[in-house]
Amino acid sequence: MKLWLWAGLLVFVWAMAFVLSLVSGYTSLNFGDVWQPGSLTQTVVGEVRLPRAILATLLGGGLALAGAGIQGVFRNPLADPALIGISGGAALFAAVYIVFVSQTGFSLLGLSGSAFLGGVIATLLVLLIGGRQPDLSTILLAGIAINAICLAGVGLMSYLAPDQTLRSVSFWALGSFNHVGWPEVSVGFLVIPAMIRLIALSLVLDVLTLGDREAAHLGISVIPRRIEVILWSALITGISVSLVGIIAFVGLIVPHLVRISFSAKHVVVLPFSAIIGGGLMVAADLFSRSLLAPVELPVGIVITLLGAPIFVVLVARWSKGLWL
Amino acid sequence: MLALDQVGWEVNGRSILNGLCFELELGQHLAIMGPNGAGKSTLLSLITGDVAATAGSLQVFGKPPSAFSPIERAQRISALSQASELRFPFTVEEVIGLGRYPFQARVESTLAIVAEVMAALQLNAFAQRSMLTLSGGERQRVHLARAVAQIWSSQEPVLLLLDEPFAALDIAHQVGVRQLLAKILASHPVSIVSVVHDLGQTTQGYDRVCLLNAQGQQLAFGAPSTVLTPARLSELYGIAISEILYADGAPAGFGVAPVSPSGGLNR
């Protein structure tokens, strides 16, 4: 089957999940009223379910694509923004922003910007610890250390916070779309330019996976390009963490699935990861609010329960020298 | 096309290479030889421009490597490194295609060149195989094919640098690669610089040999028959090396006496 047919099919699956997430939920609705202004149906769908589904699409797609970008930069298919500490850094800086800056005027954009900065610093730390071509165990150990520091920092912030301004530690650690409305969606749209730019860098990412020296011999300015990919990936991760907390494993398992099923070329991996990641996140969000309704599970729990076992299998295979 | 004048390179006050003086003409194949740690790979890095010489002048196509833009340099100089560990399941065809990256050409022309190079290296059967499923020698051939694709069908003079191209290859593939390199030299405006270890075959296929000693000094440069003498090689490597001749008296390479269990060499 041709790739574009697959792409069409995957978009269709995403659309099904999207529509399903609009029509299902704890509140039973009469969909005859959906176009009637002020009706319960229009309020629930328009103000609650629709922004959630849109943001889940944007951030699921963005995180999966950012994961593929980070894997290309680290030349390592098992790197993930959350596992290596990028998300942790973003969460810490978001929490710091809430506690120390937001009293002088809170803005979602400022929050996302701060999280982006934290993500960049964490990535540079991993590079600093691991050197130019760090091996997997080094990256993951650096990630453990950075995550530990960052989550402790987030915990500390929650004690310094004067009131309820800071969301709970568990929000940052597990991620949730519970509170999402249109303001979050409008900030979430900022991941799109970053995604487009990363897709434009597909061929550069292909060459970078050969190694720094090889990439330089093929005419690539390695350091500026690596930094550029890190910045765009950290921007997506930072926006995502600031809006919905840390959601791990999307960036790991989705690109992996694409490489196994379709191709390792980034011109395929990046867009396919975006489509599948968007669909996966919408489905996971729907599942997380349906399973124990009316209680909502943090979506990160659902994704982690799905992704962590796959990661364990991948690491076990890696220890035998297999990269797939 | 390649000219070195008193070239040296030192790092942290330690001299790795010094006093290199030689010129290579278009169409020639140069073998760089010497003991481990003589700086052979470093010399390739100086030529690619990965590092800059700390003494003397090194010119490729009439200018120092740093005077090229990255993309212009990639269009003129192709290099095969010793080991490139790829951890992503790219297909053989895709990896060889990356060799055409500097030219940003249409997909069809890239695929046509990739097909020609794969045919020349007997890699057609591997075209759709994942790199992760190949053996070390097969991977080596794919990366060699990528380096060759980078200079394939070039109209301008180009330079192909190969760091131990035969290291992981069996004898049949070594011969295949030698034939390919000879064919490229005959059909393309190219010079080749190879780092080689195997003394057994260095008398064939090379126009020039540059012999480095363990201190990174140029011991000799010239035609293989004048540079490679048993006396010079024995002194350089510190073991007895003798020339091997075919029955008709033609040179067949060099060999060492069998190693004895007690550690010394039997003569």
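Preceding block: the structure.
Note that the structure is a prediction, hence the values are computed from the model and not measured.

## What about the overall build of chain A?
Part 1 of the argument: A count of helices and strands for chain A gives 14 helices and 0 strands.
Part 2 of the argument: Scaling as 2.2 N^0.38, a compact globule of 324 residues should have a C-alpha radius of gyration of about 20 Å, and chain A matches this with 19 Å.
Part 3 of the argument: Principal-axis analysis of the C-alpha atoms gives chain A an extent of 65 × 55 × 35 Å.
Part 4 of the argument: Relative to its full complement of 324 residues, chain A shows a buried share of 52%.
Part 5 of the argument: Restricting the contact set of chain A to residue pairs at least 6 apart, pairs at least 24 apart contribute 79%.

## With respect to the packing of helix H4 (residues 108–130) of chain A against helix H11 (residues 222–244) of chain A
Residue and element names in this part refer to chain A.
Part 1 of the argument: Packing of H4 against H11 brings their axes to within 7 Å, and their N-to-C directions diverge by 130°. In terms of orientation, H4 and H11 fall into the oblique class. Crossing handedness for the pair H4 and H11: right-handed. Seen from H4, the contacting residues are Leu111, Ser112, Ala115, Phe116, Gly118, Gly119, Val120 and Thr123; seen from H11, they are Ile230, Leu231, Ala234, Leu235, Thr237, Gly238, Ile239, Val241 and Ser242.
Part 2 of the argument: When its residues are assigned to classes, the contact of H4 with H11 shows 10 nonpolar, 7 polar and no charged.

## Some details on the nonpolar core
Part 1 of the argument: By size, the foremost hydrophobic cluster in this structure holds 173 residues, and its most contacted members are Ala91, Ala94 and Val250 of chain A together with Val117, Ala145 and Leu161 of chain B.
Part 2 of the argument: It is helix H2 (residues 40–73) of chain A that contributes the most residues to this core, 13 residues altogether.
Part 3 of the argument: Residue contributions to this core reach at least three from each of two domains, namely domain 1 (2–228) and domain 2 (229–267) of chain B.
Part 4 of the argument: Those residues within four positions of Ala91 of chain A in sequence are excluded, and the remaining contacts are Cys150, Val154, Trp172, Val241 and Ile246 of chain A.

## Focus: the interface of chain A and chain B
Part 1 of the argument: Every contact between the two is made by 22 residues of chain A and, on the other side, 20 residues of chain B.
Part 2 of the argument: Elements supplying a minimum of two residues to the side of chain A that touches chain B: helix H9 (202–208) and helix H10 (212–217) of chain A.
Part 3 of the argument: No other element matches H10 of chain A, which puts 4 residues into the side of chain A that touches chain B.
Part 4 of the argument: Residue classes in the side of chain A that touches chain B are distributed as 10 nonpolar, 6 polar and 6 charged.

## Notes on the sheet that holds strand E9 (residues 218–222) of chain B
All names here are of chain B.
Part 1 of the argument: One open sheet holds the 6 strands; their spatial order is E5-E6-E7-E3-E8-E9, and the pairing between them is mixed. A single partner strand is all that each edge strand has here, and the edge strands are strand E5 (77–80) and E9. Direction aside, neighbouring strands of the sheet carry axes that sit 10° apart on average.

Cut-offs applied
- Residues numbered from 1 in each chain as written.
- Chains lettered and ligands numbered in written order.
- Predicted model: local features only at pLDDT ≥ 70, side-chain atom pairs only at ≥ 80, totals over all residues.
- Helix = DSSP H or I, 4+ residues; strand = E, 2+ residues; numbered from the N terminus.
- Rg over C-alpha atoms; globule rule 2.2 N^0.38 Å.
- Buried ≥ 20, exposed ≤ 12 C-beta atoms within 10 Å, placed from the backbone.
- Contact = placed C-beta atoms within 7 Å.
- Axes fitted to C-alpha atoms, helices over the stretch in contact; angles between N-to-C directions.
- Parallel < 35°, antiparallel > 145°, perpendicular 65-115°, else oblique.
- Left-handed = near helix turned anticlockwise from the far one by under 90°.
- Nonpolar A, V, L, I, M, F, W, Y, C, P; charged D, E, K, R; others polar.
- Core = buried A, V, L, I, M, F, W, Y, C linked by C-beta atoms within 7 Å.
- Domains from an automatic or database assignment.
- Pairing = 2+ DSSP bridges.

All quantities given are derived from atomic positions and should not be read as evidence of function.
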